[in-house]
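# Geometric and topological summary
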Amino acid sequence: MNHTTPPHPAPMLRAAIMLILGMALGDALAACVPSAVWMILTVLLLSVLVVLHVKNGNAQVQSGLLLVAITLSGAWRMGSNTQSLRVSYSPHEETFRAVVSAVPVQPDTSSVTSPLASPRPLRYEIIIADGRLAGHKAYAYIQPICPDTVAQSISTATSPRAMSVGDGLSIRARLLPPVSPHHNPSTDAVGHFSYQHWLQVHGIVARCYVSPHAWRPEQVSLRRLSGVQRLSIFLGVMRHRLLTRLHSTRLSSDALSVLSAMTLGDKRLLSHHQRDYYSASGASHLLALSGMHLSVVFVLLQLLLARGRRHGYMQSLVLIAVWAYVLMVGMPSSVVRSAVMCTVFSLEAMIGRRHMPLNTLGMAAVLLLVCSPQSLLDIGFQLSFMAVLGIFLFNHRLSLLVSSARLLRHRVFMFFWSLLTVSLSAQFLVFPLVLYYFGRFSCYFLLANLIAIPLATAIVYTAILMFLLLPVPHISSLAVALVDSEVRLLNFLLQLIASLPGSTIDNISLNLPQLFLIYFLVFGIYFIWKNR
């Protein structure tokens, strides 16, 4: 007899949770359980599911086994991906070709104490284009020639300081495992940020130190790179050119650093002081490209393009533009998550299907994790996923605390009330991760977000206008002045909030069981509130 059960209201969210559990299990046991074991268990369980389905077995049993199969497949996917990132390191030098994918913000000569002193090496991110590590990323520390010998030994065209994104080069060096550049036992005791996980997420598998005469510029074939890597290199070149144009404007240094981070995802110019007061005020999420930034771009493109008779065709152009932007800024997990959700939302609108936010969030998580399992280790993905989940779970119930009739009578109050409920909803599920990874809680995050989110939205729109007007200097100068004033105002207000007494609680030490206990309490409160 076939026992049917009502469908789950968000089946993709449930699948995403089981996939995440499986991937976490696969990552924890990667050193002792080969991915082949997970593969065999997954195939066996799927075979049992097929037999049960053919024989009209119990639907609840089939659903439970399917969730277990998803968990095992997650462990299999994570295990196989982790193994693919394990590379061997030769004790000898080797010659290989590579493409520059990221350049230093500026030549660092802080360690030069005399004309004869050797300048510090410049760190470039490269994609290896041939050899045994083709397709992998590495850090190349290229040593410039001493200033007094530059004119005699190397031309400007072959100076490492003249290289830009997309340039090819031939390198002879020994490839070594990457290491953390900043290791401080006193600070590592608080928080659980893992630099090794950060390297895995960004695909950095090696580092090499290159002497001045052990490299040369060279035309490099990209045939051994994937199509996504080739496209990302092409769009990375465009991003580098936009950053160059942005640097040529008359923006102040503080405004330039913040605008580079907020629009193009380049945080290299941000000073330690800027990072600190954004973090202390509770607005550090503005400096990392996220769903909020992409939503601004998406809404603008929707208003400009996806209207009229050719709605489906123009909607496709909007999605192409959104994904091109995602690739150009380096595909951070939070932006990819938002892009997937925008894509699903657009497709649902095109076919006239009812929008299911929790299901869409689950689908975005599944697609992102299947394509890039290491995203699970990315703090940006974890924060983004939990923030959106918190908004979907809590925002509606919080908004009902004030009657809709009163909100409609006071539109300004309704705007700020919406900002407050969204910020608080996101914070419910984000703050445990922030405590766990960074050991800090920002006490005035609600005040900061009430001020910063409207300002940041205005800054992004003005920045888009500024980029469009850059070919017209006399008009673009007005947009440059406007966006500079907006960023200066944002920085001033956030510094003011960060300087308030008791703005942060620092040095919070939270272990993994305590993290799970906090989430257990938060979700317990949610279900009690939901069932009242």
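Rules and cut-offs
- Residues numbered from 1 in each chain as written.
- Predicted model: local features only at pLDDT ≥ 70, side-chain atom pairs only at ≥ 80, totals over all residues.
- Heavy atoms only, no water.
- Helix = DSSP H or I, 4+ residues; strand = E, 2+ residues; numbered from the N terminus.
- Expected span 1.5 Å × (residues − 1).
- Buried < 20%, exposed > 50% of the residue type's maximum accessible area, 1.4 Å probe, protein only.
- Arc of directions from axis to C-beta.
- Contact = heavy atoms within 4.5 Å.
- Polar contact = N/O pair within 3.5 Å; in protein donor to acceptor, adjacent residues only side chain to side chain.
- Core = buried A, V, L, I, M, F, W, Y, C linked by side-chain atoms within 4.5 Å.
- Pairing = 2+ DSSP bridges.
- Axes fitted to C-alpha atoms, helices over the stretch in contact; angles between N-to-C directions.
- Phe/Tyr/Trp six-rings, centres within 6.5 Å; stacked < 30°, edge-to-face > 60°.
- Lys NZ or Arg CZ within 6 Å of the ring centre and 35° of its normal.
- pLDDT = per-residue confidence, 0-100.
- Parallel < 35°, antiparallel > 145°, perpendicular 65-115°, else oblique.
- Left-handed = near helix turned anticlockwise from the far one by under 90°.
- Nonpolar A, V, L, I, M, F, W, Y, C, P; charged D, E, K, R; others polar.
- Patch = residues over 30% accessible without salt bridge, like charges linked within 9 Å, V, L, I, M, F, W, Y side chains within 5 Å.
- Areas by Shrake-Rupley, 256 points an atom, 1.4 Å probe, with all protein chains shown as cover.
- Salt bridge = Lys/Arg side-chain N within 4 Å of Asp/Glu carboxyl O.

### Notes on helix 19 (residues 512-530)
The terminal C-alpha atoms of helix 19, which comprises 19 residues, lie 27 Å apart, in line with the 27 Å expected from a rise of 1.5 Å per residue. Buried within helix 19 are the following residues: Leu515, Ile518, Tyr519, Val522 and Tyr526. Each buried residue of helix 19 sits inside an arc of 95 degrees when the element is viewed along its axis, so together they form one side. Of the residues in helix 19, the exposed ones pointing more than 90 degrees away from the buried face are Pro513, Phe516, Phe520 and Ile528. As for helix 19, its buried residues are in contact with helix 14 (379-399) and helix 16 (411-438). Capping the start of helix 19 is the job of one residue whose side-chain oxygen sits 2.9 Å from the backbone nitrogen of glutamine 514: asparagine 511.

### Description of the nonpolar core
Leu251, Leu259, Tyr278, Phe385, Leu429, Val483 and Leu494 are the most contacted members of the largest nonpolar core, which has 94 residues in total. When near neighbours in sequence (up to four residues on either side) are disregarded, leucine 251 contacts Leu246, Leu256, Leu259, Val480, Val483 and Asp484.

### Some words on the sheet that holds strand 2 (residues 122-128)
Reading across the sheet, the 6 strands line up as 5-3-2-1-4-6 and stay open at both edges, with mixed pairing between neighbours. Since the sheet does not close on itself, it has two edges, and those belong to strand 5 (204-210) and strand 6 (215-217), each with one partner. Adjacent strand axes in the sheet meet at a mean angle of 35 degrees when their direction is disregarded. Two elements, strand 2 and strand 3 (residues 137-142), share 6 bridges in a ladder whose sense is antiparallel.

### Focus: the packing of aromatic side chains
Overall, the coordinates contain 13 aromatic pairs when judged by the stated rule. Linked through ring pairs, Phe394, Phe428, Tyr526 and Phe527 together constitute an aromatic cluster. The side chain of arginine 123 reaches across the aromatic face of tyrosine 139, ending 4.0 Å from its centre.

### Let's talk about helix 1 (residues 11-28)
Side chains of residues three or four places apart in an α-helix project in the same direction, reflecting 3.6 residues per turn. Counted at 1.5 Å a residue, the expected span for helix 1 with its 18 residues is 26 Å, and the 26 Å between its end C-alpha atoms agrees. Listed as buried for helix 1 are Leu13, Ala15, Ala16, Leu19, Ile20, Gly22, Met23 and Gly26. Elements that come into contact with the buried residues of helix 1 comprise helix 2 (35-54), helix 3 (59-84), helix 13 (357-371) and helix 14.

### Remarks on the confidence of the model for the protein chain
Per-residue pLDDT for the protein chain has a mean of 83; in total, 88% of the residues score no lower than 70. Predicted confidence is poor over residues 1-6, with pLDDT under 50, and the contacts of this stretch with residues over four places away or in other chains come to 9 contacts. Segment residues 107-117: pLDDT under 50, and 18 contacts once partners within four positions in sequence are set aside and those in other chains are kept.

### With respect to the packing of helix 1 against helix 3
Where helix 1 contacts helix 3, the two axes come as close as 7 Å, and the packing angle between them is 45 degrees. Here helix 1 lies oblique to helix 3, going by the angle between them. Crossing of helix 1 against helix 3: the hand is right-handed. Across from Arg14, Ala15, Met18, Leu19, Leu21, Gly22, Met23, Gly26 and Asp27 in helix 1, the residues of helix 3 making contact are Leu67, Ile70, Thr71, Ser73, Gly74, Ala75, Arg77 and Met78. Partitioning the contact of helix 1 with helix 3 into residue classes produces 9 nonpolar, 5 polar and 3 charged.

### Topic: a nonpolar patch on the surface
A cluster of nonpolar side chains, contributed by Val37, Met39, Ile40, Leu41, Val43, Leu44 and Trp76, occupies part of the molecular surface with about 580 Å² of accessible area. The biggest single contributor to the nonpolar patch is helix 2, with 6 residues. For valine 37, the location among the structural elements is in helix 2. Overall, the relative accessible area of 37% leaves valine 37 in the partly exposed class.

### Here we look at the environment of histidine 355
Relative to the assigned elements, histidine 355 resides in the loop between helix 12 (333-351) and helix 13. Residues histidine 355 and phenylalanine 345, 10 residues apart in the sequence, show an inter-C-alpha distance of 6.8 Å.

### Some remarks on the pairing of strand 1 (residues 94-102)
Where strand 1 lies against strand 4 (residues 168-173), 6 bridges are found, and the strand directions are antiparallel. Looking at strand 4, one finds that phenylalanine 96 is bridged to isoleucine 171. As paired strands, strand 1 and strand 2 are joined by 4 bridges and run antiparallel to one another. Pairing of alanine 102 across the sheet is with glutamate 125, part of strand 2.

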